[in-house]
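# Residue-level structure breakdown
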There are 2 protein chains.
Amino acid sequence: MTFWNFFFNNKKTNSTKNTSTKILIENLNESRQQLDIYYSTNKDINLYDLEQLCDAVGWVKRPIKKVKIAIENSFLIICIFHYKENKKNLIGFARATSDESFNATIWDVVIHPDFQGKGIGKALMQETIKQLRYHDISTITLFADPEVIQFYKRIGFITDPDGVKGMFWYPI
Amino acid sequence: MTFWNFFFNNKKTNSTKNTSTKILIENLNESRQQLDIYYSTNKDINLYDLEQLCDAVGWVKRPIKKVKIAIENSFLIICIFHYKENKKNLIGFARATSDESFNATIWDVVIHPDFQGKGIGKALMQETIKQLRYHDISTITLFADPEVIQFYKRIGFITDPDGVKGMFWYPI
């Protein structure tokens, strides 16, 4: 019943930038225990929960104020929640910037270490692609650390197509 | 005098997404002829002029309607105009998507073939970086075709830092 309440309590907006539909991704069987994993594209997330999630994977701390601006100006936000004992916990996150027409770039993909290796990251990426494709965005890009390149390749991402190189500029 | 008129005729807005400041980049000497090259960050550009510019470098034609949406949803637009005989011609263009906080990605960098090799592309990129840095964006990214990788390297862009790879997903 909790889940249905959760469905109904969330407001829907007309903005493509802030939809709040929530769909059950998977019930994962894990040693007889069922995990209830939902995703949300609602931007109104608890930034401290996100900070805690990023801390759990060892990311460098970022000012909450800057994270807030980044989320507001992202085209797409996807959060993954785990429901347990009537509580929802943020266990996954991804966002994308976009021109809402041709291109999108995915940033900040994270799955809590306790939930890695269960196919949740793959589900998160597939949902991200689905959402971007729904908006007819054909070029979906990201910048992958060496240890996750194979993960993205399995989802269908390719490196350096026709010699095109991802390039970075950082302040000196 | 034309130039001053041009300055005053352009409206200023409060939005960071649509500033219309115009600054002289360079007066380039070319066989005793002076070229007056200006840039603009005003999004209110003639989309047919942009199409003509992209045609001149042989880019695949894109629907004007989609280009319009992409420009509206870009964080930064930079146009380069050449002034000649009281007429302004669009000879350069670049745009960037951004979360307006951490990251930006530069797209659609183009200089008209007649104006290539004069340092205008470099000036365009330096101005793009300057504008993004003004907004405290520290990670500036782009995807470079093989033939322009050296150009971007000279400006300070690097490929695959710490093994980070630019990756692409295209619809099958």
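The structure presented is a predicted model; accordingly, all values stated were derived computationally and were not measured. In every chain, residue numbers begin from 1 and rise along the written sequence. As a convention, the first chain written is A and the first ligand written is 1, with the rest following in written order. Local features in a predicted model are, by the rule used here, given only for residues with pLDDT of at least 70; side-chain atom pairs are given and counted only at 80 or more, and totals for whole chains, interfaces and linings are based on all residues. The basis for every side-chain value is the complete set of heavy atoms in the structure, and neither hydrogens nor water enter the calculation.

### Quick look at the relation of the copies chain B and chain A
This is how it is decided: C-alpha atoms of residues with pLDDT of at least 70 in both copies form the basis for the least-squares superposition of the copies. Pairs of residues are marked as contacts when any of their non-hydrogen atoms sit within 4.5 Å.
Superposing chain B onto chain A takes a rotation of 180 degrees combined with a translation of 0.0 Å along the rotation axis, leaving an RMSD of 0.0 Å. Such values leave the two copies arranged in the relation of a two-fold axis. Residues of chain B ranked by C-alpha distance from the rotation axis are headed by G166 of chain B, positioned 2.1 Å from it. Same-surface contact between copies: 100% of interface residues of chain B are shared with the interface of chain A.

### What about the environment of P146 of chain B?
Formally: Put simply, DSSP marks the helices as runs of H or I at least four residues long and the strands as runs of E at least two long, and each gets a number from the N terminus on. Only protein chains enter the calculation, and the probe is 1.4 Å; a residue is then buried if its accessible area is under 20% of its type maximum, exposed if over 50%, and partly exposed in between.
Take P146 of chain B: it is sitting in the loop between β6 (139-144) and α5 (149-155). Here P146 of chain B falls in the partly exposed class, since its relative accessible area comes to 42%. It is 21 Å that separates the C-alpha atoms of P146 of chain B and F115 of chain B, two residues lying 31 residues apart in sequence. The contact partners of P146 of chain B, leaving out residues within four places of it in the chain, are D162, G163 and V164 of chain A.

### Section: the UniProt feature "domain: N-acetyltransferase" (unreviewed entry) in chain A
Stated formally: UniProt positions are given in the numbering used here, feature names are shortened, and annotations may be inferred rather than shown by experiment.
When the UniProt feature table is mapped onto this chain, "domain: N-acetyltransferase" (unreviewed entry) is found at residues 40-172 of chain A. Segment residues 40-172 of chain A splits into 31% helix and 33% strand. End C-alpha atoms: 38 Å apart.

### Thoughts on helix α2 (residues 47-56) of chain B
Residues and elements named next belong to chain B. This is how it is decided: Note that the arc is defined by the directions from the helix axis to the C-beta atoms. Contacts described as polar in this section are N or O atom pairs within 3.5 Å, which, within protein, must combine one atom able to donate a hydrogen with one able to accept it, while residues neighboring in sequence count only if both atoms come from side chains.
For α2, the complete set of buried residues consists of L47, L50, L53 and C54. All buried residues of α2 lie within an arc of 115 degrees about the axis, which places them on one face of the element. Opposite its buried face, α2 presents the exposed residues Y48 and Q52, each directed more than 90 degrees away. Along its buried surface, α2 packs onto α3 (64-72), β4 (87-98) and β5 (103-111). Two to three positions downstream of the cap, the backbone nitrogen of Y48 sits 2.8 Å from a side-chain oxygen, assigning the N-cap of α2 to N46. Just beyond α2, the residue with positive phi is G58, at close to 80 degrees.

### Comments concerning the interface of chain B and chain A
We count it as follows: Buried area is a sum: the accessible area each of two parts loses on coming together, probed at 1.4 Å, counted once for each and added. We count a salt bridge whenever a side-chain nitrogen from Lys or Arg sits within 4 Å of a carboxyl oxygen from Asp or Glu. Any residue that is not Ala, Val, Leu, Ile, Met, Phe, Trp, Tyr, Cys, Pro, Asp, Glu, Lys or Arg is counted as polar, Gly included; the first ten are nonpolar and the last four charged. By this definition, two strands are paired if DSSP reports at least two bridges between them.
Each side of the interface is counted separately: chain B has 49 residues, and chain A has 49 residues. Summing the contributions of chain B and of chain A, the shared interface buries around 4,600 Å²; its carbon and sulfur component is 62%. Looking at the side of chain B facing chain A, the largest losses of area belong to F102, M167 and W169 of chain B, adding up to 19% of the total buried there. At the junction of chain B with chain A, the criterion picks out six salt bridges. The partner of D136 of chain A in a salt bridge is K66 of chain B, with the nearest N and O atoms 3.4 Å apart. Linking chain B with chain A are 16 residue pairs in polar contact (both at pLDDT 80 or more), by the criterion used here. Elements with a contribution of two residues or more to the side of chain B that touches chain A: α3, β4, β5, α4 (120-134), β6, α5, β7 (158-159) and β8 (165-169) of chain B. Of the residues belonging to the side of chain B that touches chain A, the class tally is 23 nonpolar, 14 polar and 12 charged. Inspection of the sheet shows strand β8 (residues 165-169) of chain A paired to β7 of chain B by two bridges, in the antiparallel sense. The partner of M167 of chain A across the bridge, within β7 of chain B, is T159 of chain B.

### Digging into the pairing of strand β4 (residues 87-98) of chain A
All names here are of chain A. With nine of its 12 residues buried, β4 lies for the most part within the structure. Pairing of strand β3 (residues 76-84) with β4 involves nine bridges; the strand directions are antiparallel. Pairing of F81 across the sheet is with L90, part of β4. If you look at the hairpin formed by β3 and β4, you'll find two residues sitting between the two strands, and E85 has a positive phi there, around 50 degrees. Alignment of β4 against strand β5 (residues 103-111), held across six bridges, turns out to be antiparallel. Its bridge partner lying in β5, A96 is registered against I106. Linking β4 to β5, which pair antiparallel, is a turn of four residues; within it E100 sits at a positive phi near 65 degrees.

### Quick word on the environment of L90 of chain A
Residues and elements named next belong to chain A. Locating L90 in the fold gives a position in strand β4. By relative accessible area, which is 10% here, L90 ends up buried. Remark: the alpha-carbon pair of L90 and C79, spanning 11 residues in sequence, is separated by 6.8 Å. Each residue touching L90, except ones within four places of it in the same chain, is listed here: D49, L50, L53, C79, I80 and F81.

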